[in-house]
Each structure stands twice: as structure tokens, then as C-alpha cells.
Amino acid sequence: MTRRWPWLLLAFALRAAFALKLGGHRQHQIDELAFVSAALHLAETGALAPVVIPPVPVAFFALCFKLGASWLWPRLGQAVVGTATAWAIGEATEQLSRSKPAGRLALAAASVYPFFIYYAGMALSETLDVALVTVGLWQLCAVLRTSSPLNAAAAGLSLSLAALCRSESAFIALPIWIAAAAACLLRRFSWRAWALGVLVWTLPLLFWCARNRAVSGAFVLDVHGGMALLHGNEFFALNEGDTALAQAEIEKQDWYRQSLALPDAQRDALYKRRALQFIAAHPGLTARQWARKTINFWRFYPRPEKHFIESDHSHPSAGAPRWALVVISLLFEPLLILGGFYGMWLLRERIAELFPLYLWVLGTMAIHVISVSQMRYRLPVMPAMILFAAAARGQSKKR
């Protein structure tokens, strides 16, 4: 453990320094306001606001706001979570790769990975989602080897809470549980452990869907997926310029103005139907757009020409010039992504134990190829890519 402490201290120092730089009195990402408003309502009243919004980030930020109303508190709280995530990535890598040097390398990479640091500073759902996904996949891979009920429960709970940070995680995890059931049929996994994991995963999601039914009238995890499908398909070209451009065009449409009279859940269902109708009516265009979104998902650096709004309510660059973001990205992304794919290849003989990691990467990419795809949405796969890249480096040293 002594070799880990310097990296953990560095991880926290970098995240805390960035949080302090951002401060506690202004918004940097447009989406922060929804989470912060709901969290302040919960902190002040002890009750969730009657809206459909991921509850785990809201509850965590509300706990941080018990220390004061400044936005700095949730930023610093996430600095702690981000540091714990770096530790978990290192431990998971050491255990699953069966290599202590690989574990130390993964810890070092996760500690200084700039996009983990950046999103730890934003009052969004990404940092908590990454933390829970990391623990969930680690424990699920562990239970495939040990059939331990404790590992199964930890995997189920972590992946369930991840879906209550970002609802897409539920749809990515479902095929993994189905694949684990196939492993049970092949007698490579315990039915008892599988059933416990699935039960613990399912119950919080069902509870949240039931709560949303009382609020929105629909038994759903979320009511925002339809708009994402529209942005990523019918309005893809505009969304490539900026989300605000696509949204402005959508708001000009008669069907959109008419939809505003509907409840949230019905409105979301309408958007989903329209997006799916567009996909069905334009298969060639859809295929080309999805190919472009696959490239967007695996980009090594942000597009220098992409427009984004800088205002009092939107300051995503946090003061960094675009060229600096490109340089920082190129220092990390090629090594981690290419190294990650190489590690996947090297560890393919152990896929019976590690398939949750492979399926998580594939599923996350698929979700965003179908909907909206940017570098930002790759964040939940980066713990797996760091693990595979570090394992590849460990394998090379052995040779």
C-alpha cells in the first residue's frame, strides 16, 4: 500500500486544485444547473423535487451541500470520489490482470488522466458513474472466478447505482447479465451468485421506475433519451456543429411546439418514435452517420473547429485554449486507446472471466453510435481501457 499513497495524494491534489480553480460561484457546463438545483432542493427540504433526474448524483451533491451552498463543495466531494476511483482502477487491474506492475501503472494513469480530473470538477453525473462502473465491473469479473455472493451483491448494487447516475448504464449492463446467464448454462458460473447479482441490480431500478411513474405517469428510468436520438440522427449534421444549433432547429418545428403540451414521458416517447421512423426511412444516411459517430467516439482529441458556447452559464473550456485541450488529449488518448485494444487482444484467452469488460466497451460505444457520440461519452469505458492498456504493458515486460 505504501507505493500507492503518493499516487493517491497526487490524484486528490490535482482534482482538488482544479475544483478550487473552478470555484463555487459559477456554472461551467450547461447541464450542471439541473443537478445543482435538484440537490439544493433535496438538501433544504429533505425531499426529491418532482422531476425525473438521476437520483445518485442529486443525493451526493445534496450531502455535499450540507457543508454550505457553494458549488465548491460538490466539486471537492467529487475530488474524493475520483481519487477513490483511481485506487479502484489500480486494484482491479492488479487483480484481473494478475500483475502488480500493471496495477501500479493503471493507478498512475488513472490518477493523472486529465478527463477524470476535468469531470471531477463538474457537478455532473460522470464522475460518480465512472466510480460505480469501475467497482461493478471489477466485482462482476471477480465473481465469475470466485462465485462469491459478496462479489455478486457488490457487482449488482454498483451497476444498479451506475444506472441511477446515467440510465444508459442499465441498457449496457443487461446484455452482460444475459451473457453471465449463458456462462451459468455452461457451468462456468454459479446460478446462485448470478441470481443474487441480478436481484440486487434490479430492485433499485424497479423502485426508481415506480417513483417516476408517480411523478411522470410512465414506468421509466429516464425521460431524456428521445431528444438524444433526435440530435444524433435526424438533426445529426447540426449537432456536429453544436448541440445548441440542433436544439434551435428542433424548436422551430411545429411537431416540437405541439409536443410541449404533453407530459414529459409522453413527449419523450414521441421523440423516440420520430427518431426511429427517421432511422427506418433513411438506412443509407443512418449507416453513414453511425460510421461518423463511431469515429467521434474514438477520437484522440477534440475537434478544433467544433463550436461551443462561452457565456455566464457555459464555460466548458474552464479557461484553457483549444490548442491546449488538443495537446493534452494527444498525450493520453492514443496510448490508452490503442494500448487498451492491444491489451484486449492479449487477454482474449481469458475472455470467459473478463467478458464484462469487453461487453461494456462494446455496449457503451453502441449506445452512443445510435444516439449522440462525442469524446465525453467515452468516459465510462476508460477504466476498462486503462486496465487493458496497463495489462498489455505488463505482458510486454514479462516477454
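Our subject is the structure that appears above.
This report concerns the structure included in the present document. (Residues numbered from 1 in each chain as written. Predicted model: local features only at pLDDT ≥ 70, side-chain atom pairs only at ≥ 80, totals over all residues. Heavy atoms only, no water.)

A few points about the overall build of the protein chain
Within the protein chain one finds 19 helices and zero strands. A compact globule built from 399 residues would reach a C-alpha radius of gyration of about 21 Å, and the protein chain, at 21 Å, matches this within 12%. Projecting the C-alpha coordinates of the protein chain onto the three principal axes gives extents of approximately 60 × 50 × 50 Å. Counting over 399 residues, the protein chain shows a buried share of 55%. Here the analysis covers contacts within the protein chain between residues at least 6 apart in sequence; of these, 73% occur between residues at least 24 apart. For the protein chain, the exposed surface amounts to about 18,000 Å²; the carbon and sulfur share of it is 67%. Taken together, the 38 basic and 23 acidic charged side chains of the protein chain have centroids lying 10 Å from each other. (Helix = DSSP H or I, 4+ residues; strand = E, 2+ residues; numbered from the N terminus. Rg over C-alpha atoms; globule rule 2.2 N^0.38 Å. Buried < 20%, exposed > 50% of the residue type's maximum accessible area, 1.4 Å probe, protein only. Contact = heavy atoms within 4.5 Å. Areas by Shrake-Rupley, 256 points an atom, 1.4 Å probe, with all protein chains shown as cover. Lys, Arg positive; Asp, Glu negative; His and termini not counted. Charge placed at Lys NZ, Arg CZ, Asp CG, Glu CD.)

Quick word on the environment of glutamine 247
Mapped onto the fold, glutamine 247 is located in helix α13 (residues 243-250). Sequence separation between glutamine 247 and methionine 227 is 20 residues, and the spatial gap between their C-alpha atoms is 9.0 Å. Apart from the residues within four sequence positions on either side, glutamine 247 is in contact with Met227, His231 and Tyr256.

A look at the packing of helix α9 (residues 168-185) against helix α18 (residues 351-370)
Running from amino to carboxyl end, α9 crosses α18 at an angle of 140 degrees, the nearest separation of the two axes being 9 Å. Viewed along their axes, α9 and α18 adopt a mutual orientation that is oblique. For α9 against α18, the interelement crossing comes out right-handed. In this structure, α9 uses Glu168, Ser169, Phe171, Ile172, Ala173, Pro175, Ile176, Ala179 and Ala180 to contact α18, whose residues at the interface are Phe355, Pro356, Leu359, Trp360, Gly363, Thr364, Ile367 and His368. By residue class, the composition of the contact of α9 with α18 is 12 nonpolar, four polar and one charged. (Axes fitted to C-alpha atoms, helices over the stretch in contact; angles between N-to-C directions. Parallel < 35°, antiparallel > 145°, perpendicular 65-115°, else oblique. Left-handed = near helix turned anticlockwise from the far one by under 90°. Nonpolar A, V, L, I, M, F, W, Y, C, P; charged D, E, K, R; others polar.)

Some remarks on the environment of glutamine 277
As for its position among the elements, glutamine 277 is in helix α15 (residues 264-281). Glutamine 277 sits 43 residues away from glutamate 234 along the chain, and the two C-alpha atoms are 9.6 Å apart.

Digging into the nonpolar core
Judged by nonpolar contacts, the single largest core of 97 residues is most densely connected at Phe116, Leu357 and Trp360. At 11 residues, the largest contribution of residues to this core is made by helix α7 (residues 126-146). Apart from residues lying up to four places away in sequence, leucine 357 is in contact with Leu96, Leu137, Cys141, Ala384, Leu387 and Phe388. Listed in part, the 10 residues of the second largest apolar core include Ala246, Ile250, Tyr256 and Tyr271. (Core = buried A, V, L, I, M, F, W, Y, C linked by side-chain atoms within 4.5 Å.)

What about the side chain of arginine 267?
With respect to the helices and strands, arginine 267 occurs in helix α15. Residue classification places arginine 267 among the buried residues on the basis of a relative accessible area of 18%. With residues near it in sequence (within four places) discarded, arginine 267 still touches Ser259, Leu260 and Leu262.

Details of the packing of helix α4 (residues 72-97) against α7
Two elements in contact, α4 and α7, have axes whose closest approach is 9 Å; the angle formed by their N-to-C orientations is 25 degrees. Classified by the interaxial angle, the pair formed by α4 and α7 is roughly parallel. The handedness of the crossing between α4 and α7 is left-handed. Residues Gln78, Val81, Gly82, Thr85, Trp87, Ala88, Ile89, Glu91, Ala92, Gln95 and Leu96 of α4 form the contact with α7, whose own contacting residues are Thr127, Leu128, Val130, Ala131, Thr134, Val135, Trp138, Cys141, Ala142 and Arg145. Split by residue class, the contact of α4 with α7 holds 13 nonpolar, six polar and two charged.

Describing the packing of aromatic side chains
In this structure the tally under the stated criterion is 17 aromatic pairs. Their ring planes at 85 degrees and their centres at 6.5 Å tell us that phenylalanine 35 and phenylalanine 61 sit as a pair that is edge-to-face. Linking phenylalanine 35 in helix α2 (residues 32-45) with phenylalanine 61 in helix α3 (residues 55-65), this pair joins segments that are 26 residues apart in sequence. On the basis of relative accessible area, phenylalanine 61 is assigned to the buried category, the value being 0%. Between tyrosine 113 and phenylalanine 115, the aromatic rings sit 5.8 Å apart at their centres with planes inclined by 65 degrees, giving edge-to-face as the arrangement. Judged by relative accessible area, tyrosine 113 falls into the buried class, the value being 2%. Here phenylalanine 115 falls in the buried class, since its relative accessible area comes to 18%. One aromatic cluster is present, built from ring pairs that chain together Tyr113, Phe115, Phe116 and Phe332. (Phe/Tyr/Trp six-rings, centres within 6.5 Å; stacked < 30°, edge-to-face > 60°.)

Regarding the side chain of histidine 368
Mapped onto the elements, histidine 368 comes out in helix α18. Once you skip the residues sitting within four places of it in the chain, histidine 368 turns out to touch Glu168, Lys293, Phe297, Ser373 and Tyr377.

Brief notes about the pattern of salt bridges
Considering all chains together, one arrives at 17 salt bridges under this definition. The partner of arginine 267 in a salt bridge is aspartate 264, and the shortest N-O contact between them spans 2.5 Å. Placement of the pair is arginine 267 and aspartate 264 together in helix α15, with a separation of three residues, close to one helical turn. Overlapping salt bridges bring together Asp31, Glu126, Arg166, Glu168 and Arg376 as one network. (Salt bridge = Lys/Arg side-chain N within 4 Å of Asp/Glu carboxyl O.)

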